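Spelled out from the first residue to the last, the chains are:
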Amino acid sequence: MNKNIAKASTAYPSLSQGKTAAEAVLDGEVKGWQRILPFLGPAFIAAVAYIDPGNFATNITAGSQYGYLLLWVIAFSNLMAVLIQSLSAKLGIATGKNLPEVAREHFSKKTSIFLWMQAELVIIATDLAEFIGAALGLYLLFNIPMLPAALITVVGSFAILELQRRGFRAFEAGVSGMVLIVVLAFAFQTFLAQPNWGEVTVGMFVPHFDGASSILLATGILGATVMPHAIYLHSSLTQNRVIGRNDAEKKRIFRFELVDIIIAMIIAGAINMSMLIIAAAVFHTKGMVVEDLDVAYNGLHDALGPMAAISFGLGLLIAGLASSSVGTLAGDVVMQGFIQRKIPLYLRRAITMLPPLVIIASGVNATYALVLSQVILSFGIAFALVPLVLFTSKKAIMGNLVNHRITTTLGWLVVVIVITLNIYLLWETLK
């Protein structure tokens, strides 16, 4: 066995069997669809960032206000997500390092410290949205006041972190299972909502707007798509998971990981689309514009029955818990990568819980707090995207996995689009 692979297997004992299976695939000993199995997982963890509670309000507002009109925006957003997450995954595979580590090597110490500080701020803002979302889910489901619900969320968050002590395979399986619950919850609601599938098809494939307000809402959907912590994290998830012994193996690993990314992003996109579709079918048809998640919960209860409302609340709860654990893991990656420091995950989880607990205790409207968290999140996007495209376009860093010219061009185009949209969002939100 290759020494690097043996080292990685020792570092993550629960992956040793996966490593052996991956080696068998790379050596051509496994045929057919089973070849992808050892490589599935990393993208599903990263994809959780795309279904966090911060997306719930935007999608529901878009569907209730404009029907199926903006479905194509979610589809386009997912195409961007596939490109960005593939670049992040490729960086980890090619270099054996994550994005913060590569940035530390190529930037000055002061720049690295700055990048770490802004990344931590972004992750705290992300965690705020996820934590409040999970607490709101408990409040809606069981009528538990927000502060006690937040304390219960604390317990749930620590329980999910415990999976990480059992190895990344256990963590991947746990998070993937939670994503499956969210998928089933929204599939059930979509079935009950009985949308107009002809209009759904048109909305997905025919770009169209209806006035300046719809453009602003589309900007919100696009601008909130890229999550900086998912970019940092994905490169970490692939850097040591399966280590290529030569350039040819690294290329094969990336091709398998690309399949993982496409599958995960399709699932995340389907969840986001279902939120909009349900809101369009249930609220838009009645002329209701819904901007608060508790109003959406009660509206689903009245229109489709208690089971629809319960599945909505459950989806919100599970999405919040899953994405909060992913945010904690991303925080560990950025600290270790940018400044070579590490603190226990439980201590990090406890520290990042304080801001949302304070905000919840203050009685701030939960949906408003989610919106504010997305504004803070917007500041960090450029600091993750620009280095990512810059590094993956350099052959000295990437070797034979360096971006093709068209990939780099598309990457910079996405950078310009996302940064421009987020600046516009900040302007409209803060003016």
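Look up: the structure comes first, before these words.
Whenever I open this one, the pattern of salt bridges confuses me. Can you help?
In a structure, side chains of opposite charge can pair up when their charged atoms sit close to one another. Applying the stated criterion across every chain, the model contains four salt bridges. Where arginine 245 meets glutamate 249, a salt bridge forms, and the shortest distance between an N and an O atom there is 2.6 Å. On the basis of relative accessibility, which here comes to 8%, the residue glutamate 249 falls in the buried class. Where aspartate 332 meets lysine 342, a salt bridge forms, and the shortest distance between an N and an O atom there is 2.8 Å. Here aspartate 332 is found in helix α15 (residues 306-339), whereas its partner lysine 342 is found in the loop between α15 and α16 (345-361), with ten residues between them in sequence. Since its relative accessible area comes to 7%, aspartate 332 is described here as buried. Classification of lysine 342 as exposed rests on a relative accessible area of 53%.

Explain the packing of aromatic side chains to me, please; I cannot follow it from the model alone.
When we look at a pair of aromatic rings, we describe it by the centre distance and by the angle of the planes. Counted by the stated rule, this structure contains eight aromatic pairs. Consider the rings of phenylalanine 114 and phenylalanine 383, whose centres lie 5.2 Å apart with planes at 80°: the pair is edge-to-face. With phenylalanine 114 in helix α7 (residues 109-142) and phenylalanine 383 in helix α18 (residues 381-392), this pair connects stretches of sequence that are 269 residues apart. In this structure phenylalanine 114 comes out as partly exposed when scored by relative accessible area, which is 43%. Phenylalanine 383 sits in the partly exposed class, given a relative accessible area of 31%. Its guanidinium or amino end placed over the ring of phenylalanine 254, lysine 90 lies 5.5 Å from that ring's centre, counting from NZ or CZ.

Where do I start with helix α4 (residues 53-66) in this structure?
Owing to its 3.6 residues per turn, the α-helix brings residues three or four apart onto one side. Over its 14 residues, α4 extends 20 Å from the first C-alpha to the last, a length consistent with the 20 Å expected when each residue adds 1.5 Å. Along α4, twelve of the 14 residues are buried, which leaves the element largely enclosed by surrounding structure. When α4 is considered as a whole, its buried residues turn out to be Pro53, Gly54, Asn55, Phe56, Ala57, Asn59, Ile60, Thr61, Ala62, Gly63, Ser64 and Tyr66. Downstream of α4 by one or two residues, glycine 67 has phi in the positive range, about 65°.

Conventions used here
- Residues numbered from 1 in each chain as written.
- Predicted model: local features only at pLDDT ≥ 70, side-chain atom pairs only at ≥ 80, totals over all residues.
- Heavy atoms only, no water.
- Salt bridge = Lys/Arg side-chain N within 4 Å of Asp/Glu carboxyl O.
- Buried < 20%, exposed > 50% of the residue type's maximum accessible area, 1.4 Å probe, protein only.
- Helix = DSSP H or I, 4+ residues; strand = E, 2+ residues; numbered from the N terminus.
- Phe/Tyr/Trp six-rings, centres within 6.5 Å; stacked < 30°, edge-to-face > 60°.
- Lys NZ or Arg CZ within 6 Å of the ring centre and 35° of its normal.
- Expected span 1.5 Å × (residues − 1).

The quantities given are spatial measurements derived from coordinates; they are silent on function.
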